Amino acid sequence: MRGKPMDAPYQFAGLQRAKEPGLSVEECARRIHRIAYVEERLMFLQAAHIVTTPQRDLKGLLSRLQYEDGLHSDLLKNRLTELRVSRSKVLGVPDERLKVVLDEAMHSDGSVELLAALVKVIKPALLEVYCDYLRQTNGLADYESVRLMRTIVAEEDQALCLLEAAYGDIVRSAEEEESAGAWAAKLGRMLEEAGGIAGGAAKQAGSIQAVRSRRPYKVGRRPKRDDTFSSVWDFIHVDEDRVPERLAQMIATRLGEITIAEALAIVLLEVEGQPWSFYVAISRHMWDEMRHSLFGEAAAEQVYGDRAALPLRDFEIEYLFEMTPLELYAMLGIGVEAALMKYPPGKRAEYEFCRDQARHPLMTTFQDFDWADEVEHVQIARRQLKEWFAGGSEELAELSERGMQFRARTRKLHPPSPMPNLPSRPERVSPQDSCTSNMDEE
């Protein structure tokens, strides 16, 4: 009735704590700045360890999580500008003590310490800070932050569950448990001395001393791999009229894109002085390439009943990790991926082969999205290199061509291998059951 308090759940548009003062704009901005910084550093931390993490499944998970954390940071940075924070401050370090803690975490030694840092220290602390924020802010006044954080918390909660599962698989021996516990305890103490992720809770005053991070972190220049897959130097090209073999080669090629993802860690970690948007774009590119490798893994398991039925090709390791970041990215974005836009052959032809000749629904879907991703990668590369590269378009084309020639020379160092003998794939489906594309012609 008129004049009486209403208790309907949709009063105040269903938002919580509408009649509580909650947090001020200044306090919201202070906390979000620290959270956004931690998410940014988690992007770099997880990306940095993809190269030297041997476990295949953990590599894939780290690739996904570094991208999601980069997106979280990007969303929160944009929110900060709506809370009267200048862009220059948004991009700055909120607390040097917090920086030292995350610098030390970057130097986690191997998968055991990396997982200890993520599972036992940083990710749980981050989730707690998000939840505290949501419990304390006025949901009506601070609606935009609440809306963002609800989505982020759901992703972070899932991320922690997945990382905990990886920890259980990888940290098994008493020695590994001891190593993980010692590293987590050290980082936990440092984080506590820094006032936690939210800040303002420090029990001890004074600076936190860097130990391992007194020297800058260097990304590994040689990928480590477990024994999930065998390897070959390269494959002999298979023509499309040999449909089962050509499909197998396409699956194997997707599988091998893990090397591209690993190489992009060099670009993400070693290029300095670029706008924040550059790092978000490279982070996305890295995850896309790992997704494409997972396309190959899923397809091999579905077609042959064994994800490791096909080997990885190794030749790309021998040139990608010898290049500077600029050479590497120009070669990938302007050379390799731009060339794949040509038709035929190119990405469209690969998609059409899976749809029309192989008639394989899953690979048709994968190639359809692989094509879409590569179109985006070319646009990203053109956009980023225009800002990054100091020379003109002709000089950039020459740089890309030198990289392509280096790639071609390396590929010829050893003879390629034929596709392995594989069991017959399941019966073909009819054309009307296969996937179709709604993408317009290029």
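Counting restarts for each chain: residues are numbered from 1 in the order of the written sequence. Local features in this predicted model are restricted to residues whose pLDDT is 70 or higher, and side-chain atom pairs enter the listing and the counts only when it is 80 or higher, whereas totals over whole chains, interfaces and linings include all residues. Side-chain numbers come from the whole structure's heavy atoms, not from hydrogens or water.

On to the overall build of the protein chain. When helices and strands are tallied, the protein chain shows 15 helices and two strands. Our radius of gyration is a C-alpha quantity, and the globule rule it is checked against amounts to 2.2 Å times the number of residues to the power 0.38. For the protein chain, whose C-alpha radius of gyration is 24 Å, the value lies close to the compact-globule estimate of 22 Å for 442 residues. Projected onto its principal axes, the C-alpha coordinates of the protein chain cover approximately 75 × 60 × 55 Å. By definition in these notes, contact holds between two residues if any of their heavy atoms fall within 4.5 Å. Of all intrachain contacts in the protein chain linking residues separated by at least 6 positions in sequence, the fraction that spans at least 24 positions is 83%. To be clear on the numbers: accessible area is Shrake-Rupley with a 1.4 Å probe, and residue cover counts the displayed protein chains and nothing else. For the protein chain, the exposed surface amounts to about 21000 Å²; the carbon and sulfur share of it is 50%. A positive count includes Lys and Arg, and a negative count includes Asp and Glu. His and the chain ends are not counted in either. A charged residue contributes its charge at one atom only: NZ of Lys, CZ of Arg, CG of Asp or CD of Glu. With 57 positive and 72 negative side-chain charges, the protein chain shows a spacing of 4 Å between the two charge centroids. Helix numbering and strand numbering both begin at the N terminus, where a helix is a DSSP run of H or I of at least 4 residues and a strand a DSSP run of E of at least 2.

The next subject is the nonpolar core. Definition used in this section: a nonpolar core is a set of buried Ala, Val, Leu, Ile, Met, Phe, Trp, Tyr and Cys residues joined via side-chain atoms within 4.5 Å. Any residue under 20% of the maximum accessible area for its type is buried, any over 50% is exposed, and the rest in between are partly exposed; the area is computed with a 1.4 Å probe on protein chains only. In this structure, Val267, Leu320 and Tyr329 are the most contacted members of the largest nonpolar core, which totals 111 residues. With 16 residues, the single largest contributor to this core is helix α5 (residues 110–136). Split by domain, this core shows at least three residues from each of two domains, domain 1 (25–194) and domain 2 (231–411). Ignoring anything within four residues of it in the chain, the contact list for valine 267 reads Phe278, Ile282, Pro325, Leu328, Tyr329 and Trp388. If you look at the next biggest cluster of nonpolar residues, it comprises 21 residues, including Val232, Phe235, Leu247 and Phe366. For each domain, the first and last residues come from an automatic or database assignment.

Interfaces are frequently sized by the accessible area removed from exposure as the parts join. The domains assigned to the protein chain are domain 1 (25–194) and domain 2 (231–411). On the side of domain 2, 19 residues touch domain 1, which itself brings 23 residues to the contact. A simple way to read buried area is as the amount of 1.4 Å-probe accessible surface that goes missing from two parts once joined, with both sides added. Summed over both sides, the interface between domain 1 and domain 2 buries roughly 1800 Å², with carbon and sulfur atoms accounting for 71% of that surface. Per-residue buried area on domain 1 facing domain 2 is highest for Phe44, Arg56 and Tyr67; these three make up 34% of the total on that side.

Aromatic contacts are taken between Phe, Tyr and Trp rings whose centres are within 6.5 Å, Trp giving its six-membered ring; a plane angle under 30 degrees counts as stacked, one over 60 as edge-to-face, and the others as tilted. This structure, assessed with the given rule, holds nine aromatic pairs. For the pair phenylalanine 278 and tyrosine 279, a centre-to-centre distance of 5.1 Å together with 85 degrees between the ring planes defines the contact as edge-to-face. Classification of phenylalanine 278 by relative accessible area gives buried; the value is 0%. Looking at tyrosine 279, the relative accessible area reads 8%, which means it is buried. Summarising the aromatic geometry, the rings of tyrosine 329 and tryptophan 388 are spaced 6.1 Å apart at their centres and angled 35 degrees between planes, so their arrangement reads as tilted. Here tryptophan 388 lies in helix α14 (residues 361–388) and tyrosine 329 lies in helix α12 (residues 325–339), a separation of 59 residues in the sequence. Like tryptophan 388, tyrosine 329 is buried. Connected via pairs of aromatic rings, a cluster forms that spans Phe44, Phe278, Tyr279, Tyr329 and Trp388. Over the face of the ring belonging to tryptophan 276 we find lysine 77, whose NZ or CZ atom lies 4.7 Å from the ring centre. Look at NZ for Lys and CZ for Arg. If either is within 6 Å of the ring centre and within 35 degrees of the ring normal, a charge sits over the ring.

To continue, consider helix α1 (residues 25–48). Compared with an ideal rise of 1.5 Å per residue, which puts 24 residues at 34 Å, α1 spans 34 Å between its outermost C-alpha atoms and is within 8% of the ideal. Burial of α1 is extensive: 20 of the 24 residues sit out of reach of the surface. Here the expected length of a helix is defined as 1.5 Å per residue gap, with one fewer gap than residues.

This paragraph deals with α12. Spanning 15 residues, α12 covers 20 Å between terminal C-alpha atoms, matching the ideal 21 Å at 1.5 Å per step. Its axis deflected by about 30 degrees at leucine 332, α12 carries its strongest bend there. Here α12 lies mainly inside the structure; 11 of its 15 residues are buried. Buried within α12 are the following residues: Pro325, Leu328, Tyr329, Ala330, Met331, Leu332, Gly333, Gly335, Val336, Glu337 and Ala338. Packing partners of the buried residues in α12 comprise α9 (258–270), α10 (276–304), α11 (317–320), α14 and α15 (393–411). What the bend at a residue measures is the angle between two axes, fitted to the seven residues ending there and to the seven starting there.

Quick look at the confidence of the model for the protein chain now. Per-residue confidence from the predictor is given as pLDDT, running between 0 and 100. On average, residues of the protein chain score 92 in pLDDT, and 93% of them are at 70 or above. Scored below 50 in pLDDT, residues 426–442 makes 28 contacts in the model with residues more than four places away or belonging to other chains.

This brings us to the pattern of salt bridges. Whenever a carboxyl oxygen of Asp or Glu lies within 4 Å of a side-chain nitrogen of Lys or Arg, that contact is scored as a salt bridge. The full count for this structure, using the stated rule, is 39 salt bridges. A salt bridge links arginine 313 to glutamate 316; the shortest N-O distance between them is 3.6 Å. The class of arginine 313 is buried, set by a relative accessible area of 10%. Judged by relative accessible area, which is 5%, glutamate 316 ranks as buried. Close ionic contact of glutamate 352 with arginine 348 constitutes a salt bridge, the shortest N to O distance being 2.9 Å.

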